[in-house]
Amino acid sequence: MAEPEPMAIGAGQRLGAPETLGISTLDPGHRPPAMPSGRHVTIRVRMLDDTEELFDVSQKASGKVLLDMVCSHMNLIEGDYFGLEFQNHQKMMVWLDHVKPIIKQLRRPKQTTLMFAVKFFPPDHAQLLEELTRYLFALQIKQDVSCGRLTCNDNSAALMVSHIIQSEIGDFEESQCRSHLLNNNYIPDQIPLIDKIMEFHSKIIGQSPAESDYQLLEVARRLEMYGIRLHPAKDREGTGLSLAVGHTGVLVFQGHSKINSFNWSKVRKLSFKRKRFLIKLRPDLNSSYQGTLEFLMGSRDCCKVFWKICVEYHAFFRLFEEPKPKPKPVLFTRGSSFRFSGRTQKQVIDYVRESEFKKIPFDRKHSRVQHDIRLSPVPCLRPQDVPNEGEAPEDGAHSPAGRHWKESVLVSAEDASASRPTPGSSPSLQRSGREDRTGPSCRAEGTRGSTQAARPEPPSTEVAPNSPHLSASPGHSHAMVNGRKSLEPCGHSPDGRPPSPLTSPLLNDAGSLRTDDEDEGRRKRFPTDRAYFIAKELLTTERTYLKDLEVVTVSFQNAVGQDEATPASLKETILSTFEPLHEFHEGFLREVEQRLALWEGRSNAHIKGDYQRIGDVMLKNLQGLKPLTANLHKQSEVLLELEKACRASPRFEGLCRDFELQKVCYVPLNVFILRPLHRLSHYKQILERLCKHYPATHVDFRDCRAALADVSEVVEQFQGSLIKMENFQKLLELKKDLISVDNLVVPGREFIRLGCLSKLSGKGLQQRMFFLFNDVILYTSRGMMATNQFKVHGQLPLHGMTIRESEEEWGVPHAFTLVGKQQSVVVAASSLIEMEKWMDDIQVAIDIANTSNGPSSDLLTSSLIVNKRPDVPSPEAETEDDLTASRTSLERAAPPRGNTMVHVCWHRNTSVSVVDFSLAVENQLSGNLLRKFKNSNGWQKLWVVFTNFSLFFYKSHQDEYPLASLPLLGYSVTIPSETENIHKEYVFKLHFKSHVYYFRSESEYTFERWMEVIRSVTVASGGARMPNSKESRAR
């Protein structure tokens, strides 16, 4: 036998994962290990569509080898979500271990039937990037519903069955649908629900099988028992319970109701001792559970089976890469050496996204809605190939999580008719013109996804797709079962039934169809058109916007809605205002996600014009938004009702303060209230970029221009009221940061600028926080108190004030003097630019105050004025000692406010104006970035949201709250220099003093957008100009 060729570096090695046993279904470039010598055995595997297949494998082969053979047989890329389950000698259902030899796990392999099933249920089915994978998940859900494992209410059950029969029999026709339901049972006790099922079915006419799978998974994943396998147990008191494991952690059920959960982040260790299953928790003062929890299970083997699946779930969903094996002890072993073997979910998703595969058509066994492969050898990417949730019934198809359909790479196969083998041929066995005992494993050499560009092409040891070796005799009378002749007639499964459509000859023997194109290295992963990245910005920001709406509609309602202190009128106003907007934008997001998914696919020429545009989607939805303008008009009403309720009820005010301390409320609550109006401006900007990019003859130009006209009309309609509401919102926020102030929020008062200046007094320069309004200037210092609020020291009315530079007069750099009618104050800015900003804004405010009758400028509280002695010096002479003199006037106990914009300006010694706030609102942005620290080597992928002068970091766009934030005031943004050795494209650098961060974007457009929005709030380093993407790429 010829020496094996050297392996190409595959995804596993690139990600740093140790080499695994057997073939990885995700690493088609890898050559499978030689089948171990020794006796072979034929193993029967029952597929999810209830067909059975035979696989010939060595008894010494590991479980991973058999699983990879099954996945390769189905042409399944995302096989890591699945496993092989069987009943052991103790009548327990267990998973086939990937590492152990098969002979040590199956006592009687010939009499054992293994079940191919879903092993790991992800929280969001949008993480499944292939239609075939979603179809298999749908089959698993169908089984779980049928056997009663996936319990739910009648409404959900009927909705799921409606999607199942839509996939199987197509569009609703009453007599056909009723007859089908009478002859086929999908759920226990189905007869009483037939009418409800038919009602749902009638609402989803036109839905393709792929859409039906998607909608079925959308309904199922929201059920409490989704993906749950119960393991009987008892607590210490002997109460009957059940344990289960999910992507979030260990779950405790009583019956079919979840009564407790232990998140992975709270679990320190999982172990078992005889029949006791132990959960050791991390110390948590806020938890009612401490130390170690103990559950009693049926036997030691029950404990071990459940412990193993917990270990695997934790590794699959929580780790970045496969854990490395522990070193073997020299003398004694202690405990189990079991570990997770295989790829983690992150590795699966990253690999599938970074690779491009041709879509191979597959048949659905139970579906009458099939593609005619004989007429169309090339699978055509059509609208129905990607779920379109717009026509799903409202009862269950729409959910907040529906927007989380991640950008998936949907790639159509190019003309493959020339390379399709004839049924009965087995290209894997034509190597060197003879059959080989290693046939089952060697088939993977030509499987889909092998990247020829990764290494020089070796001497040909494979059969080319158009090689004469592929031809086989039409009269071939025996079927090939994984490279060996089956005793069954060709075209039938072992039990005499037709073979599974998932393992048709097209998928089995033409594995080479599913390979990357040879010129993969010359293509981008995604479309390179600028319009695509503009549309993707719409997608990413819409995801963030919908999350923000949920803060009001879900989180805030849950926090305060049940409390008696919450006025009923406020609850009704919020619900009637935000719920319709939330529902509308859910549908809008789904349409955008579906369009982007199609756009990202390598579409055939005849469909490019249909899907590589976004204007039609925006035009349709912006026109649909017009009936909701009444809801947009209510934003000011909600803001006023909220403030009125806080003034009327200290208890409700405390509830709102507590809510703002929650992680989910990452910006002030009032900011979320105004989000719908801000979002209109974002739509306008996106459409302006599209219209500027497109030529007038482009197919999408007309729709974009029409949509721009519609949204511009609405934006103009709200512009005046939005400015007033933003000012009102800002005054409310400043009121929370200031003490010793009365009547800050009064009609006619407008905020202009806040920031840090040094005030000259008898003790020298002292840091003060200044607040400029259109009628008065307040100067404050941060109080020595737990709340971190700012105590007002004095006020300077603007009417009759003059301002002059006084650097030479006082010998203080960047100093200027404010000369009022009663007193004068000398202040100094941190830089010349800051001084010019302050002087310009103060002069404008003085001009306004001198020409208008503004509000009363008496803002100091009466308590502060009464407590002053007649001989107390004027406010400009106050010092830090005054901070300790008036602690009796800490009017109300409030939670600490340590990360507001006022505090950031205080610590960074800078300022922001009302214009800066407006720019920050316009320049909101979201998306994935790679982050790298100054002294780190690797890049970390994060979901990043820019808003409110800060970057907020999430693991993914699905997270409920940010992991961390980075206020950007005072930072500088540049591109890395040559000496920093950042040899990547589209990289920008953020630095403030010794803090340095590098961020990497995916395209030239996104690089420019991130630079643009960050630059709008950061400090330009001395004379630095705006870098372009080519400079960044060159470095």
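Just so we're clear, the structure is a prediction, and the values are computed from it rather than from any experiment. Residue numbers run consecutively from 1 along every chain, following the written order of its sequence. With pLDDT at 70 or above as the cut-off, local features in this predicted model cover only qualifying residues; side-chain atom pairs require 80 or more to be listed or tallied, and sums for whole chains, interfaces and linings still use all residues. Here the side-chain values reflect all heavy atoms present in the structure, with hydrogen atoms and water set aside.

### A closer look at the overall build of the protein
Assigned secondary structure in the protein consists of 28 helices and 30 strands. The burial tally for the protein puts 56% of its 1035 residues in the buried class. Note on contacts: a residue pair is in contact if any heavy atoms of the two residues lie within 4.5 Å. Put simply, 68% of the contacts in the protein that link residues at least 6 apart link residues at least 24 apart. A run of H or I in DSSP counts as a helix once it spans at least four residues, and a run of E counts as a strand once it spans at least two, with each numbered from the N terminus. Partly exposed describes any residue whose relative accessible area lies between the buried limit of under 20% and the exposed limit of over 50%, with all areas from a 1.4 Å probe on protein chains only and scaled to the type maximum.

### Regarding the sheet that holds strand 12 (residues 292–297)
Taken together, the seven strands give an open sheet; going across it, the order is 9-8-7-6-12-11-10, and neighbouring strands pair in antiparallel fashion. What marks the edges here is a single partner per strand, and that holds for strand 9 (257–263) and strand 10 (267–273). The average angle at which neighbouring strand axes cross in this sheet is 35°, direction not considered. DSSP-based pairing: two strands are paired if at least 2 bridges between them are found. Here two bridges tie strand 6 (residues 231–234) to strand 12, and the two strands are oriented antiparallel to one another. Opposite alanine 233, over in strand 12, you have methionine 297 as the bridge partner. Geometry is summarised by axes, namely lines fitted to C-alpha atoms with helices restricted to the contacting stretch, and by angles between N-to-C directions that run from 0 to 180 degrees.

### Considerations on unusual backbone geometry
In the Ramachandran plot, arginine 274 falls in the positive-phi region, its phi being about 55° despite a non-glycine side chain. Secondary-structure assignment places arginine 274 in the loop between strand 10 and strand 11 (276–281). Its relative accessible area of 62% is what places arginine 274 among the exposed residues. Unlike most non-glycine residues, histidine 814 shows phi in positive territory, near 60°.

### Here's the deal with helix 6 (residues 194–202)
Regarding helix 6, the residues found buried are Ile194, Ile197, Met198, Phe200 and His201. Across the axial projection of helix 6, the buried residues extend over an arc of 160°, all falling on one side. Buried residues along helix 6 sit against helix 4 (154–169) and helix 5 (174–183). By arc we mean the arc of the directions from the helix axis to the C-beta atoms, nothing more.

### Points about the nonpolar core
Buried Ala, Val, Leu, Ile, Met, Phe, Trp, Tyr and Cys residues that are joined via side-chain atoms within 4.5 Å together make up what is termed a nonpolar core. Ranked by internal contacts, the top residues of the largest apolar core, which has 126 residues, are Phe652, Leu951 and Trp1010. Listed in part, the 100 residues of the second largest apolar core include Met69, Val94, Ala220 and Leu293.

### Quick look at the packing of helix 3 (residues 131–147) against helix 7 (residues 209–220)
One can describe the packing of helix 3 onto helix 7 by two numbers: an axis separation of 9 Å at closest approach and a directional angle of 55°. Comparing the axis directions of helix 3 and helix 7 gives the class oblique. In terms of crossing hand, the pair formed by helix 3 and helix 7 is left-handed. In this structure, helix 3 contributes Glu131, Arg134, Tyr135, Phe137, Ala138 and Ile141 to the contact, and helix 7 contributes Ala210, Asp213, Tyr214, Leu216, Leu217 and Ala220. Here the term charged refers only to Asp, Glu, Lys and Arg, the term nonpolar to Ala, Val, Leu, Ile, Met, Phe, Trp, Tyr, Cys and Pro, and the term polar to all other amino acids, Gly among them. Counted by class, the contact of helix 3 with helix 7 contains nine nonpolar, no polar and three charged residues. The labels follow the angle: roughly parallel below 35 degrees, roughly antiparallel above 145, roughly perpendicular from 65 to 115, and oblique for the rest. Left-handed describes a crossing whose near helix is turned anticlockwise from the far helix by less than a right angle; the clockwise case is right-handed.

### What about the packing of helix 17 (residues 635–648) against helix 18 (residues 650–660)?
Angle between the axes and distance between the axes are the two parameters that describe a pair of packed helices. Between helix 17 and helix 18, the least distance of the axes is 5 Å, while the angle of their chain directions is 120°. In terms of axis orientation, helix 17 runs oblique to helix 18. Between helix 17, through Leu642, Ala645, Cys646 and Ala648, and helix 18, the contact on the second element is made entirely by Pro650, Phe652, Glu653 and Cys656. By residue class, the composition of the contact of helix 17 with helix 18 is seven nonpolar, no polar and one charged.

### Some thoughts on the packing of aromatic side chains
Any pair of Phe, Tyr and Trp rings, taking the six-membered ring for Trp, is counted once the centres come within 6.5 Å. Such a pair is stacked with planes under 30 degrees apart, edge-to-face with planes over 60 apart, and tilted for the rest. Counting across every chain of the model gives 30 aromatic pairs. When the centroid spacing of 4.9 Å and the interplanar angle of 65° are considered together, the rings of tyrosine 666 and phenylalanine 952 count as edge-to-face. Here phenylalanine 952 lies in strand 26 (residues 950–954) and tyrosine 666 lies in the loop between helix 18 and helix 19 (669–673), a separation of 286 residues in the sequence. Each member of the pair tyrosine 666 and phenylalanine 952 is classed as buried.

### What to know about the pairing of strand 24 (residues 925–933)
With seven bridges joining them, strand 24 and strand 25 (residues 940–947) adopt antiparallel strand pairing. By the bridge assignment, serine 926 is partnered in strand 25 with valine 945. Between strand 24 and the antiparallel strand that follows it, strand 25, lie six residues. In this structure, strand 24 lies alongside strand 30 (residues 995–1000), joined through four bridges in antiparallel fashion. When the bridges of strand 30 are listed, phenylalanine 933 appears paired with tyrosine 997.

### Section: a negative patch on the surface
Together, Glu805, Glu807, Glu808, Glu836 and Asp840 make up a negatively charged patch on the protein surface. Breaking the negative patch down by element, the ones donating at least two residues are helix 22 (807–810) and helix 23 (832–851). Examined against the element boundaries, glutamate 807 turns out to sit in helix 22. Residues enter patches when their relative accessible area tops 30% and they take part in no salt bridge; the joining distance is 9 Å for like charges and 5 Å for the nonpolar side chains Val, Leu, Ile, Met, Phe, Trp and Tyr. Only the protein chains shown count as cover for residues, and the accessible areas themselves come from Shrake-Rupley with a 1.4 Å probe. Only one rule defines a salt bridge in this text: a Lys or Arg side-chain nitrogen within 4 Å of an Asp or Glu carboxyl oxygen. Positive charges are assigned to Lys and Arg, negative charges to Asp and Glu, while His and the chain termini are left out of the count. Throughout, a charge is located at the NZ atom of Lys, the CZ atom of Arg, the CG atom of Asp or the CD atom of Glu.

### Considerations on a nonpolar patch on the surface
A grouping of Val914, Val915 and Leu919 is seen on the molecular surface, where their side chains present a nonpolar patch of about 220 Å² in accessible area. Structurally, valine 914 can be placed in helix 26 (residues 914–922).

### Focus: the pattern of salt bridges
The final tally for this structure, using the stated rule, is 40 salt bridges. Where arginine 276 meets glutamate 294, a salt bridge forms, and the shortest distance between an N and an O atom there is 3.4 Å. With arginine 276 in strand 11 and glutamate 294 in strand 12, this residue pair connects regions lying 18 residues apart in the sequence. Each of Asp124, Glu218, Arg221 and Arg222 takes part in a single network of salt bridges with overlapping partners.

### Details of the environment of valine 552
Within the secondary structure layout, valine 552 lies in helix 12 (residues 530–560). The spatial distance from the C-alpha of valine 552 to the C-alpha of cysteine 665 is 9.3 Å, given a sequence separation of 113 residues. Leaving out residues up to four positions away in the same chain, valine 552 has contacts with Gln557, Ile574, Phe578, Phe672 and Ile673.

### Some details on the state of the cysteines
Two cysteine sulfurs form what is called a disulfide whenever their separation falls within 2.5 Å. Tallied over the full model, the rule gives zero disulfides. Here cysteine 302 is not disulfide-linked; the sulfur of cysteine 303 is the nearest cysteine sulfur, at 7.3 Å. Looking at the unpaired cysteine 905, the closest cysteine sulfur is the one in cysteine 756, lying at 8.2 Å. With relative accessibility at 0%, the residue cysteine 905 sits in the buried group.

### A look at the sheet that holds strand 28 (residues 972–974)
Strand order in the open sheet formed by seven strands is 27-26-25-24-30-29-28, and the pairing between neighbours is antiparallel. In this open sheet, the two strands that pair with only one neighbour each are strand 27 (964–967) and strand 28. Pairs of neighbouring strands in the sheet enclose a mean axial angle of 35°, with direction left out of account. As judged from the four bridges shared by strand 26 and strand 27, these two strands associate in the antiparallel manner. From the neighbouring strand, serine 950 faces strand 27, where its bridge partner is proline 967. Lying over the sheet, helix 12 contacts strand 24 and strand 25, oriented at roughly 95° with respect to strand 24.

### As for the confidence of the model for the protein
The pLDDT averaged across the protein works out to 75; a share of 70% of its residues lies at or above 70. Within a predicted model, pLDDT stands for the predictor's per-residue confidence, ranging from 0 to 100. Below pLDDT 50 for its whole length, residues 370–524 participates in 371 contacts with residues either more than four positions away or in separate chains. This model gives residues 602–608 a pLDDT under 50, and the stretch forms 18 contacts once residues within four places in sequence are excluded.

### Brief notes about helix 25 (residues 901–908)
The element helix 25 is largely enclosed, with a buried count of seven among its eight residues. Among all positions of helix 25, only Met901, Val902, His903, Val904, Cys905, Trp906 and Arg908 are buried. Positioned one or two residues after helix 25, asparagine 909 has a phi angle of 55°, which is positive.

### Considerations on the environment of glutamine 166
Residue placement: glutamine 166 occurs in helix 4. The class for glutamine 166 is buried, based on a relative accessible area of 1%. Counting along the chain gives 35 residues from glutamine 166 to histidine 201, while the straight-line C-alpha distance between them is 6.8 Å. When neighbours within four sequence positions are excluded, glutamine 166 is seen to be in contact with Asp171, Phe172, His201, Ile204, Gly206, Gln207 and Ser212.

### Remarks on the environment of arginine 134
Along the chain, arginine 134 falls in helix 3. Sequence separation between arginine 134 and aspartate 213 is 79 residues; the distance between their C-alpha atoms is 6.5 Å. Here a polar contact is taken to be a pair of N or O atoms separated by no more than 3.5 Å, where protein atoms must pair a possible hydrogen donor with a possible acceptor and residues adjacent in sequence count only if both atoms sit in side chains. One polar contact links the side chain of arginine 134 to the main-chain carbonyl oxygen of leucine 128, over a distance of 2.8 Å.

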